[in-house]
Amino acid sequence: MDQTYDLVGCGFGPSNLAIAIAIVERWNSESRERCPIKKVCFIEKHPRFLWHPGMLLPGTTMQISFLKDLVTLRNPSSEFTFLAYLHSNNRLLSFINRGSFFPTRREFADYLAWAAEKVKTLGIEISYGEEVVEIRETCIEGVLQITSSRDGSQITRTTKNLLISPGGSPAIPSAVTHMMDSENILHTSIYAYSIPRLLSQTAAKQRPIRIAVLGGGQSSAEVTIDLYRRLEHLPASDRPHEVDLIIRKGSLKPSDDSPFTNTIFNPEATDLFYEISTANPGARSRLFSEYRNTNYGVVNPETLDTLHELLYEQELSDGIASRSNSGTAENSAPRLRILNNQCLIGASLTEETDQTEGRLSLTLQDTHKRTLAAFGPYDILILGTGYERQIHTKLLSSSELGKKFYRDQTITETDLLNPLTASSTPDSTEASTPTSSSLSLEPGMTSPSPKLLVTRKYRLVPIEPCKSRIYVQGCVESTHGISDTLLSVIGVRAGELVDDLWKDEPDT
């Protein structure tokens, strides 16, 4: 079997799926045999197409319009639009009757899976269940060797063009990194399919369940609400079950999705981020800070209302029970608590007894008073701590090929091309120690560590002659703007990147 390709993609999430669609549409508009990119393979570590399976919670909806799908902003007449998906599944009228631009998260995930199956039938090769482990040059100029692993065996492919869109990996606070092998601690990325088993195991001990959720972003708020609803149906003993939401800020903050603010997610905003005047160092960082409340460490207002209503009902029940000197039934409901102005700085397992086996004790620091306090013991700790986006740097830096792309010297914003650092996009800033050195610098800041340069069309720029083209997606927020890791621009971005691939000489 010929394992030589014109393009190999690492990862097959929404970003690379949008690329696959753009390529298929180019094949349809031109003769495929005359196209420079004829044979394409995407390598994905999951066994099938998956999109945030750990957060497909009942009733959760998308926070962007369905029109910001894989292709509509680039090609509204495409057969891959969300509307085409609805039509093909005989739900178009039913969706219209919903009266909302925001599909459920579950439906959007199904749309993405539908599109992934569709491109496969149109000539795109997708190899699931494989993980890329090495990238290196071959003895043939301009040809790269991509090695992946599946079930203990290695598969080797060669390609002239490489596209790295690996998505994020869970960002773990340093206070608990030494404990991540404990089944009591999980990241929200695996919440939905892990929590039923954990709750069942804990409920079998026939004592009240105590759970801590760390983080003040959307995922943490949704998980807190979901936990409340699950615990409502689990019998409690002498005391109710408890959920503590630990946040570093003074209160949960609403996300800003107002019409004027949302223009920062327009495709032209990518040009703004990339082309900000080099005469104004730090301007990109200030722009990022201005719009940070659109996505990071904030919660959708509707979710905030739901959470606040649960807390208000709890306060009401307490008042009724206090006045009537009764209220046993009222007090059987789970207890919610928000621990604000608290930063996690330590965690440990409590001593094992019949009642505390495997339970967690957390050390929190008041962000104002700097005082320390112990909280717990908890049965489960859930980390709503966002994602790091550094897989691309690990792949390149572990290879000799990396020497052709990494700058060892400090690069500032006065460079002709934009610096790209290893990117981290935490769901909330509160989910770390007071000194979060594991996270990346703010966009636009300088760093003495090695850096990569990236063009406006997402191609890495070599410092030594290299005829191979390497593109990156979803990890260039520091140069291409706050929408880089989101769905808002993936359709337009896919068109730009494929246009560059089609050129004999790519843009600089």
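Residues numbered from 1 in each chain as written. Predicted model: local features only at pLDDT ≥ 70, side-chain atom pairs only at ≥ 80, totals over all residues. Heavy atoms only, no water.

> Please explain the sheet that holds strand 13 (residues 360–366) as it appears in this structure.
Two pairing modes exist for strands in a sheet, parallel and antiparallel, and in both the strands are linked by backbone hydrogen bonds. Spatial strand order, 12-13-14: three strands in an open sheet with antiparallel pairing. In the strand order of this sheet, the two ends are held by strand 12 (342–349) and strand 14 (372–378), each with one partner. Averaged over all neighbouring strand pairs, the angle between strand axes comes to 25°, with direction disregarded. Of the pairings in the sheet, the one linking strand 12 to strand 13 comprises seven bridges and is antiparallel in character. In the sheet register, alanine 347 faces strand 13, and the bridge partner there is leucine 362. (Pairing = 2+ DSSP bridges. Helix = DSSP H or I, 4+ residues; strand = E, 2+ residues; numbered from the N terminus. Axes fitted to C-alpha atoms, helices over the stretch in contact; angles between N-to-C directions.)

> Whenever I open this one, unusual backbone geometry confuses me. Can you help?
Phi is mostly negative for residues that are not glycine, and the peptide bonds are mostly trans. In this chain, glycine 376 is followed by proline 377 through a cis amide linkage whose omega measures 0°. Within the secondary structure, proline 377 is located in strand 14. For histidine 52, which is not glycine, the phi torsion reads 45° and is therefore positive. Considering the arrangement of structural elements, one finds histidine 52 in the loop between strand 2 (40–44) and helix 2 (82–88). The exposure class of histidine 52 is partly exposed, given its relative accessible area of 41%. Unusually for a residue other than glycine, asparagine 341 sits at a positive phi of about 55°. (Buried < 20%, exposed > 50% of the residue type's maximum accessible area, 1.4 Å probe, protein only.)

> Would you mind showing me how to read the sheet that holds strand 9 (residues 210–214) here?
Spatially, the five strands line up as an open sheet ordered 8-15-9-10-11, and their pairing is parallel. Taken across any chain shown, the strands that pair with only one partner, and hence form the sheet edges, are strand 8 (185–187) and strand 11 (335–339). Each neighbouring strand pair of the sheet contributes to a mean axis angle of 20°, computed without reference to strand direction. Where strand 9 lies against strand 10 (residues 242–246), five bridges are found, and the strand directions are parallel. Among the inter-strand pairings, alanine 212 is bridged to a residue of strand 10, identified as aspartate 244. Sheet strands touched by helix 6 (residues 218–231): strand 9, strand 10, strand 11 and strand 15 (380–383). Its angle to strand 9, the strand with the most contacts, is close to 165°. (Contact = heavy atoms within 4.5 Å.)

> It is not clear to me how the pairing of strand 4 (residues 131–137) should be interpreted in this structure. Could you clarify?
Along any regular strand, the residues point their side chains to alternate faces of the sheet. Inspection of the sheet shows strand 4 paired to strand 5 (residues 144–150) by six bridges, in the antiparallel sense. Residue pairing across strands places isoleucine 135 opposite isoleucine 146, the latter belonging to strand 5. Hairpin connection, strand 4 to strand 5: the antiparallel pair is bridged by six residues, and glycine 142 has positive phi, about 85°.

> Sorry, what's going on with the pattern of salt bridges here?
Two side chains bearing opposite charge may form a pair once their charged atoms approach each other closely. Per the counting criterion, the structure on display carries 22 salt bridges. With a closest N to O distance of 2.9 Å, arginine 74 and glutamate 25 form a salt bridge. Of this pair, arginine 74 sits in the loop between strand 2 and helix 2 while glutamate 25 sits in helix 1 (residues 14–29), and the two are 49 residues apart along the sequence. Arginine 74 gets classed as partly exposed once you look at its relative accessible area, which sits at 27%. The exposure class assigned to glutamate 25 is buried, which follows from its relative accessible area of 13%. With its nearest N and O atoms 3.1 Å apart, the salt bridge here joins glutamate 496 to arginine 456. Of this pair, glutamate 496 sits in helix 12 (residues 490–502) while arginine 456 sits in the loop between strand 19 (452–454) and strand 20 (469–472); the two residues are 40 residues apart in sequence, bridging distant segments of the chain. Judged by its relative accessible area of 11%, arginine 456 falls in the buried class. (Salt bridge = Lys/Arg side-chain N within 4 Å of Asp/Glu carboxyl O.)

> Any chance you could explain helix 4 (residues 105–121) here in plain terms?
With 17 residues, helix 4 extends 25 Å from end C-alpha to end C-alpha; this agrees with the ideal 24 Å at 1.5 Å per step. Listed in full, the buried residues belonging to helix 4 are Arg105, Glu107, Phe108, Ala109, Tyr111, Leu112, Trp114, Ala115, Ala116 and Val119. Where the residues of helix 4 are buried, they touch helix 1, helix 2, helix 3 (92–98), strand 3 (125–128) and helix 6. Positive phi appears at glycine 123, one or two residues downstream of helix 4, with a value of about 110°. (Expected span 1.5 Å × (residues − 1).)

> In this structure, what is going on with the packing of helix 6 against helix 9 (residues 301–324)? I would like to understand it.
Helices that pack against each other are described as a pair by the angle of their axes relative to one another and the distance between those axes. Interaxial distance between helix 6 and helix 9 falls to 10 Å at its minimum, and their mutual angle equals 40°. By the angle between their axes, helix 6 is oblique relative to helix 9. The hand of the helix 6/helix 9 crossing is left-handed. Facing Gln218, Ala221, Glu222, Thr224, Ile225, Tyr228 and Arg229 of helix 6, the residues of helix 9 in contact are Thr303, Thr306, Leu307 and Leu310. Residues of the contact of helix 6 with helix 9, tallied by class, amount to five nonpolar, four polar and two charged. (Parallel < 35°, antiparallel > 145°, perpendicular 65-115°, else oblique. Left-handed = near helix turned anticlockwise from the far one by under 90°. Nonpolar A, V, L, I, M, F, W, Y, C, P; charged D, E, K, R; others polar.)

Everything listed is a geometric property; what it means functionally is a separate question.
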